[in-house]
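Examining the three-dimensional arrangement
Now for the letters of each chain:
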Amino acid sequence: MNNTGKMHDPKNILEVSDLVQTFTQPYGILDRLTGRPKKTVHAVNGVSFSVRRGEVFSLVGESGCGKSTTARTIVRLLEPKSGTLLFDGQDITKFTPAEMMPVRKKMQMIFQDPYASLNPRQRIREIVMEPMLFHREAADREEAHVKMLRLLDIVGFRPEQADRYPHQFSGGQRQRIGIARALATNPTFLAADEPVSALDVSIQAQVLNLMMDLRDEFNLSYLFIAHDLSVVRHVTERLGIMYLGFIVEQGERDRIFEKPLHPYTQALLAVAPTLDRKIAAVPLSGDVPSPIHLPVGCPFASRCPQKMSICETNRPKLRILDGRAVACHLY
Amino acid sequence: MAEYLLEVKNLKTCFELFRGTVKAVDGVDFTLKEGEILGIVGESGGGKSVTGFSLLGLIDLPGRISGGEVFFRGEDLLKKSEEEMRRIRGKEISMIFQDPMTSLNPLQTIGSQIDEMLALHTDLSSAERKQRILDLLTEVGIPNPADRINNYPHQFSGGMRQRVVIAIALAVNPRLIIADEPTTALDVTVQAQILKLMENLVHKFGSALILITHDLAVVSEMTHRVAVMYCGKIVEEGPTKDLIANPHHPYTKGLLESIPKMAGARTPRLPQISGMVPSLFDLPKGCSFAPRCSRATERCLQDVPEMRLLSPGRKAACYHPAGMAEEGEGHE
């Protein structure tokens, strides 16, 4: 799973290898005078995975684990520090903005917050038509208008609603507008960053069902970013579990949900509240370490109930075991 | 009257806005015994938070409590003066808010924020208060409390801040704690820590707890009884386990079904409740849920169903409840 690097597999729409992303905090004159060391946040630390055509691949983890940064780096909203991104067989890692243009048409993003991701001053029809016209997906405004109405119909709006503004819609409706906008350029790949976490449960089900219907209809592949394990279990075929910028376990859904191997995955699954059982497990103690000073050894060592001495000093690598990849010294 | 710690009767809170009057809480009844944990669940706009705030009289203009009674230890809180309420808030009834990032004062050390509560409601000396603060911080699981007492909120993580908020809420051992989405802003592993902590402390201190949340899974984890709210009304109420296993109100049933499951077979599509929550400015004439309900009949569109006893301990406001033994399911 982590030896994708060299050979491109045509079954994959996206191949990510050894992706690294860091952020350096602003370093002002006062910092220089006082000789304060530069602070670098290591957000993503060598992440490798692939998304197959027509598949949903999920990245799961808690806040600050680097899942959203990974998604943003893949669609090149952020420049990768190192690593390679193969999209549809093309190495897009070093693409210039001009070279990215035709690629962007094919990879679109759905954002978490439906209140912040739509321009409040644009009518819905403008929001959906703009990417079509920008990317020349429609020859003129007439054609764009027809396509826009068709897209709105697909995501469940009536034609007269196209003239309204975002504030006239509820959260779930706005998220559907965001989905229509993402589909406007006829993409093959969608990165969805927590698309339902801001929505109420009954609306969440509507949006998830819509996303899955669209996958079949438009033959889409999804990179799905989420923290809610029950949602992930519902939508995904394969998943990677992230902690402190590392993928600690990765593989097929059923393997991982039925028999998680990494202690972090085990803890996540054990403490996720469900309707049908009471949490028996003792929850993990402590907090996630700072991504500024990464631990030398296993990123999870400070909270791991099964920590050994080697975990403090050696960082485990992902190894294939029981049909999935896991980075842990226990195995 | 002493049978219940809290008895809420026909509570009504409305907001008078330019566009019209919104009945955010519209005739809510429930009771709470000493030491009991009650969950109030529902989606945004259901009125669950406003219910919590109303109990403490924390409703600001343009909102007002327009009717009902809130008996706490036999006395009606709605008849109390602001001065009397200030002595009850924090001491007898305290509140834990959703967002630990904003419910602490960023300019005060956490020690002084807990101390404020103790100074206001107890006669302890300064040294005794300090000891009590250290005990409380230990109780809520903050490591090295002596070092952390002079820290500011920004020096704590989200989970740790929520622990501080809980310490403040528990400081003078209130009889009732109202927790409004206490873990919604937290990560799953931290949420599990906080829920466990709250459950243990409520048990240990013998306080009653009202847990307001949108998350039915959290409710099933923690509570003895649950009330489901929709559009300002309680539509179903009962013992948690029973209600989740066999919901009577179609809204509760729909909510439960639309949550993806963590085990068992996966369905390709999630069962969903069609449509969306109606605007509170423009509620339907009959049952508020009728336009989205698959069991609705002509009567549901005309009359508002009252809460009625359906089986021992189980009440729902529905003309065509689901999961009833004798009536059967063929009731469409």
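Bear in mind the structure is a predicted one, so any value in this text is a computation, not a measurement. Every chain is numbered independently, its residues counted from 1 as its sequence is written. Chains carry letters and ligands carry numbers; both start at the beginning, A for chains and 1 for ligands, and go up in the order they are written. Whole-chain, interface and lining totals are the exception, using all residues; otherwise, since this is a predicted model, local features are given only for residues with pLDDT of at least 70 and side-chain atom pairs are given and counted only at 80 or more.

1. Here we look at the overall build of chain B
The helix and strand tally for chain B stands at eleven helices and twelve strands. Here the C-alpha atoms of chain B give a radius of gyration of 21 Å, agreeing with the 20 Å that 2.2 N^0.38 yields for 332 residues. In terms of its C-alpha atoms, chain B occupies a principal-axis envelope of roughly 70 × 50 × 40 Å. The contact criterion used here is simple: two residues whose C-beta atoms, placed from the backbone, lie within 7 Å are in contact. Looking at chain B alone, contacts between residues at least 24 apart form 64% of all its contacts between residues at least 6 apart. Working definition: helices are DSSP H or I runs of at least four residues, strands are E runs of at least two. Numbering for both runs from the N terminus. In this setup the radius of gyration rests on C-alpha atoms only. A globule is expected at 2.2 Å times the number of residues raised to 0.38.

2. Examining the overall build of chain A
Helix and strand counts for chain A come out as eleven helices and twelve strands. In terms of C-alpha radius of gyration, chain A reaches 21 Å, essentially the compact-globule figure of 20 Å for 331 residues. Overall, the C-alpha framework of chain A stretches about 65 × 55 × 45 Å when taken along its three principal axes. Partly exposed residues are those whose C-beta has more than 12 but fewer than 20 other C-beta atoms within 10 Å; 20 or more makes a residue buried and 12 or fewer makes it exposed, with C-beta atoms placed from the backbone. Across the 331 residues that make up chain A, the buried fraction comes to 45%.

3. Re the environment of A:F257
All names here are of chain A. For F257, the position within the fold is in helix 9 (residues 253–258). Separated by 28 residues in sequence, F257 and L229 place their C-alpha atoms 9.3 Å apart. Among residues more than four places away in sequence, those in contact with F257 are R233 and L269.

4. Here we look at the interface of chain A and chain B
On the chain B side, the residues contacting the 31 residues of chain A number 33 residues. Going through the elements one at a time, helix 7 (201–218), helix 8 (229–235) and helix 10 (263–271) of chain A are the ones with two or more residues in the side of chain A that touches chain B. For the side of chain A that touches chain B, the element with the highest residue contribution is helix 7 of chain A, accounting for eight residues. Split into classes, the residues belonging to the side of chain A that touches chain B amount to 16 nonpolar, ten polar and five charged. Three residue categories are used. Nonpolar comprises Ala, Val, Leu, Ile, Met, Phe, Trp, Tyr, Cys and Pro, charged comprises Asp, Glu, Lys and Arg, and polar comprises the others, including Gly.

5. Here's the deal with the nonpolar core
Remark: nonpolar core denotes a set of buried Ala, Val, Leu, Ile, Met, Phe, Trp, Tyr and Cys residues whose joining runs through C-beta atoms within 7 Å. Ranked by internal contacts, the top residues of the largest apolar core, which has 185 residues, are A:F224 and B:A167. Apart from the residues within four sequence positions on either side, A:F224 is in contact with A:V56, A:F57, A:S58, A:A192, A:V232, A:V235 and A:T236.

6. Quick look at helix 7 of chain A
The span one expects for a helix is its residue count, reduced by one, times 1.5 Å. The end-to-end C-alpha distance of helix 7 of chain A, which contains 18 residues, comes to 26 Å, matching closely the 26 Å that a straight helix rising 1.5 Å per residue would cover. Looking only at helix 7 of chain A, the buried set comprises A:V201, A:S202, A:I203, A:Q204, A:A205, A:Q206, A:V207, A:L208 and A:M211. Each element contacted by the buried residues of helix 7 of chain A is listed here: helix 6 (171–183) and helix 8 of chain A together with helix 10 (250–257) of chain B. Where helix 7 of chain A ends, the next residue or the one after it, A:N219, has phi of about 55 degrees, a positive value.

7. With respect to the confidence of the model for chain B
All names here are of chain B. For chain B, the average pLDDT comes to 88, and 97% of its residues sit at 70 or higher. Contacts from residues 328–332, a stretch scored under 50 in pLDDT, to residues over four places away or in other chains number three contacts. Predicted complex metrics record ipTM = 0.80 and pTM = 0.85. For every residue, the predictor assigns a confidence score, pLDDT, that lies between 0 and 100.

8. A look at the sheet that holds strand 11 (residues 319–321) of chain A
All names here are of chain A. Within the open sheet, the eight strands sit side by side as 6-7-8-3-9-10-12-11. Their pairing is mixed. Strands at the two margins of the open sheet, each flanked by one partner only, are strand 6 (107–110) and strand 11. Along the sheet, successive strands turn relative to each other by an average axial angle of 20 degrees, direction set aside. In this structure, strand 3 (residues 56–60) lies alongside strand 8 (residues 221–226), joined through five bridges in parallel fashion. From the neighbouring strand, V56 faces strand 8, where its bridge partner is Y222. Between N-to-C directions, angles cover 0 to 180 degrees, with each direction set by a line fitted to C-alpha atoms, over the stretch in contact for helices. With respect to the sheet, helix 2 (residues 67–74) is in contact with strand 3, strand 7 (189–193), strand 8 and strand 9 (238–243), its orientation differing from that of strand 8 by roughly 150 degrees. For two strands to count as paired, DSSP must find a minimum of two bridges between them.

9. Structural notes on the pairing of strand 7 of chain A
Residue and element names in this part refer to chain A. For strand 7, the buried fraction is high: five of the five residues fall into the buried class. Of the two faces of strand 7, the one carrying F189, A191 and D193 and the one carrying L190 and A192 are both buried. Strand direction decides the pairing type here: strand 6 and strand 7, joined by four bridges, are parallel. Its bridge partner lying in strand 7, Q108 is registered against L190. Where strand 7 lies against strand 8, five bridges are found, and the strand directions are parallel. If you follow A191 over to strand 8, its bridge partner there is L223. Here a crossover is taken to be right-handed if, once the strands point away from the viewer, the path from the first strand over the helix to the second is traced clockwise. The β-α-β motif built from strand 7, the intervening helix 7 and the parallel element strand 8 has right-handed crossover chirality.

10. Concerning the sheet that holds strand 1 (residues 6–17) of chain B
Residues and elements named next belong to chain B. If you trace the four strands from one edge of the open sheet to the other, you get 2-1-4-5, paired in antiparallel fashion. In this open sheet, the two edge strands, each paired with only one partner strand, are strand 2 (20–32) and strand 5 (75–76). Across ten bridges, strand 1 lies against strand 2 in antiparallel orientation. From the neighbouring strand, F15 faces strand 2, where its bridge partner is V22.

11. With respect to the environment of A:K259
Summarising the element assignment, A:K259 is placed in the loop between helix 9 and helix 10. The spacing of A:K259 and A:L269 is ten residues in sequence and 10.0 Å in space, taken between C-alpha atoms.

12. Topic: the environment of B:K80
Residues and elements named next belong to chain B. Within the secondary structure, K80 is located in the loop between strand 5 and helix 2 (82–88). Note on K80: 16 C-beta atoms within 10 Å, which makes it partly exposed. Counting along the chain gives 23 residues from K80 to G57, while the straight-line C-alpha distance between them is 9.4 Å.

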